[in-house]
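Structural overview for review
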Amino acid sequence: MNWRLKIRHVTGYKYAGPVSASYNEARLTPLTLPWQTTLFSQVEVTPGATTYRYHDYWATQVTAFDLHRPHQQLRVVSSSLVEVTPPPAPAFFLGWANLDTDAVVDAHAEFLASSRLTAVAPELVEQVWSAAGSSDPTESAEAVSHWVREQVAYVPGSTGVQTSAQEAWDLRKGVCQDIAHLTVGLLRARGIPARYVSGYLHPKVEAEVGETVAGQSHAWVEWWAGEWTGFDPTNGVAVGPRHVVVARGRDYDDVPPLRGVYHGAPSKHLGVTVEITRLA
């Protein structure tokens, strides 16, 4: 079943004093994919600024803008209309021996290497794969995703954007970002290419058409075992029409919704508001 979703995402910063210049990048525009079509997208900036768009190394659409006049607040509003269908089920699967070839390792090297946010201790890798591993990489990847969900409690506000996968594991709690980082790190440690995905999730499985709800900026994973497969370890479900892909990368540092540098007084995040309306 197709879902047509209207998304409004508001974010930004408030400064303690005048800021004379800022240089910013927003990753807030949903991608167009074989199962996801962005019908409309717009990023508005206050104070007004000229924006330009480009696709970064990871194929994410970036809206960049500079401000060169004094301002004490930056407000960014992204509006999108997206139609999503359930992604097709993978039709081709590789076994462990096929994953461990030079061709696969070379082609997916960036999604096999650990990073500061995804690195996990060897003893944790051994513990997880002893409990969840199987003779099939795809079944193993899903089992590891469920294992992480069972072991790490979803607790909003318990971690920050720079919390690592190992730190979240030590706490046994985190948010979707931490659960995705931990899952990615465990899959890579066993030789399964995995990438971090950011986007939106409509929170209601049986959402009514026309109802506007408080949505979520969300994170999940995709692994490769012959084809890319999306899975949401925070909710323990395959990615479906409620998930809207905005960006992909090695970890959160490749996909932040808003990033920049500025000259001026200290800043405070305005917070994030996401509203999602199912239109069809």
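Reference entry: report on the structure contained in this document. Keep in mind that this is a model prediction, so the values were computed, not measured.

About the thresholds
- Residues numbered from 1 in each chain as written.
- Predicted model: local features only at pLDDT ≥ 70, side-chain atom pairs only at ≥ 80, totals over all residues.
- Heavy atoms only, no water.
- Helix = DSSP H or I, 4+ residues; strand = E, 2+ residues; numbered from the N terminus.
- Rg over C-alpha atoms; globule rule 2.2 N^0.38 Å.
- Buried < 20%, exposed > 50% of the residue type's maximum accessible area, 1.4 Å probe, protein only.
- Expected span 1.5 Å × (residues − 1).
- Pairing = 2+ DSSP bridges.
- Contact = heavy atoms within 4.5 Å.
- Axes fitted to C-alpha atoms, helices over the stretch in contact; angles between N-to-C directions.
- Phe/Tyr/Trp six-rings, centres within 6.5 Å; stacked < 30°, edge-to-face > 60°.
- Lys NZ or Arg CZ within 6 Å of the ring centre and 35° of its normal.
- 1 Å grid on protein atoms, 1.4 Å probe; cavity = no way out; pocket = protein on both sides within 12 Å on 5 of 7 lines; lining within 4 Å.
- Points joined across faces, edges and corners; volume = space filled by probe spheres on them.
- Nonpolar A, V, L, I, M, F, W, Y, C, P; charged D, E, K, R; others polar.

**So, the overall build of the chain**
Assigned secondary structure in the chain consists of six helices and 16 strands. For a compact globule of 280 residues, the expected C-alpha radius of gyration is about 19 Å, and the chain comes in at 19 Å, within 12% of that figure. Seen through its C-alpha atoms, the chain measures out along the principal axes to roughly 60 × 40 × 35 Å. Taking all 280 residues of the chain together, the buried fraction comes to 51%.

**Thoughts on helix α6 (residues 176-189)**
Helix length check: α6 (14 residues) gives 20 Å between terminal C-alpha atoms against 20 Å at 1.5 Å per residue, within 8%. Following α6 by one or two positions, Gly191 adopts a phi angle in the positive range, close to 95°.

**As for the pairing of strand β3 (residues 51-55)**
In the case of a regular strand, side chains alternate between the two sheet surfaces. Pairing of β3 with strand β4 (residues 61-67) involves five bridges; the strand directions are antiparallel. Following the sheet pairing, His55 is matched in β4 by Gln61. In textbook terms, the turn of a hairpin is the stretch between consecutive antiparallel strands, and for β3 and β4 this stretch comprises five residues, one of which, Ala59, has a positive phi near 75°.

**Let's talk about the sheet that holds strand β10 (residues 216-224)**
On the basis of which strands lie adjacent, the open sheet formed by five strands has the order β12-β11-β10-β8-β13 and antiparallel pairing. Across the chains shown, the open sheet's two edge strands, defined by having one partner strand only, are β12 (237-238) and β13 (243-249). Bridging between strand β8 (residues 194-201) and β13 involves six bridges; their strand directions are antiparallel. Bridged to Ser198 within β13 is Ala247. Sheet contacts for helix α4 (residues 137-151): β10 and β11 (228-232); angle to β10, the most-contacted strand, approximately 150°. Set on the sheet, α6 makes contact with β8, β10 and β13; between it and β10 the angle comes to about 10°.

**Overview of the packing of aromatic side chains**
Applying the stated criterion across every chain yields a total of seven aromatic pairs. Taking 5.9 Å as the distance between ring centres and 35° as the angle between the ring planes, the aromatic pair formed by Trp223 and Phe231 counts as tilted. We note Arg190 situated over the ring of Trp129; from NZ or CZ to the ring centre the distance is 5.8 Å. Over the ring of Trp228 we find Arg195; its NZ or CZ atom is 3.8 Å from the centre of that ring.

**What about the pairing of β10?**
Within β10, seven of the nine residues are buried, which leaves the element mostly enclosed by the surrounding structure. Judged from the four bridges that link them, β10 and β11 form a sheet pairing that is antiparallel. What sits directly across from Trp224, in β11, is Trp228. Hairpin remark: β10 followed by β11, antiparallel, with three residues in the connecting loop; positive phi at Gly226, about 115°.

**Comments concerning unusual backbone geometry**
Negative phi characterises most residues that are not glycine, and trans characterises most peptide bonds. The residue after Thr46, namely Pro47, is reached through a cis peptide bond having omega 0°. Here Pro47 is to be found in the loop between β2 (36-46) and β3. Even without a glycine there, the phi angle at Ala59 is positive, about 75°. Looking at the element boundaries, Ala59 is found in the loop between β3 and β4. You will see that Arg172, though not glycine, has its phi angle at about 60°, which is positive.

**Quick word on the layout of surface pockets**
There is about 880 Å³ of room inside the largest pocket. Listed by contribution, the elements that provide at least two residues to the lining of the largest pocket are β1 (3-26), α6, β8, β10, β14 (258-264) and β16 (273-278). Residue classes in the lining of the largest pocket are distributed as 18 nonpolar, 15 polar and three charged. Approximately 350 Å³ is the volume attributed to the second largest pocket. In terms of lining, the second largest pocket is formed by 19 residues, of which the most central are Pro87, Pro88, Trp228, Thr229 and Gly230. Secondary-structure elements contributing two or more residues to the lining of the second largest pocket are α4, β10, β11 and β13.

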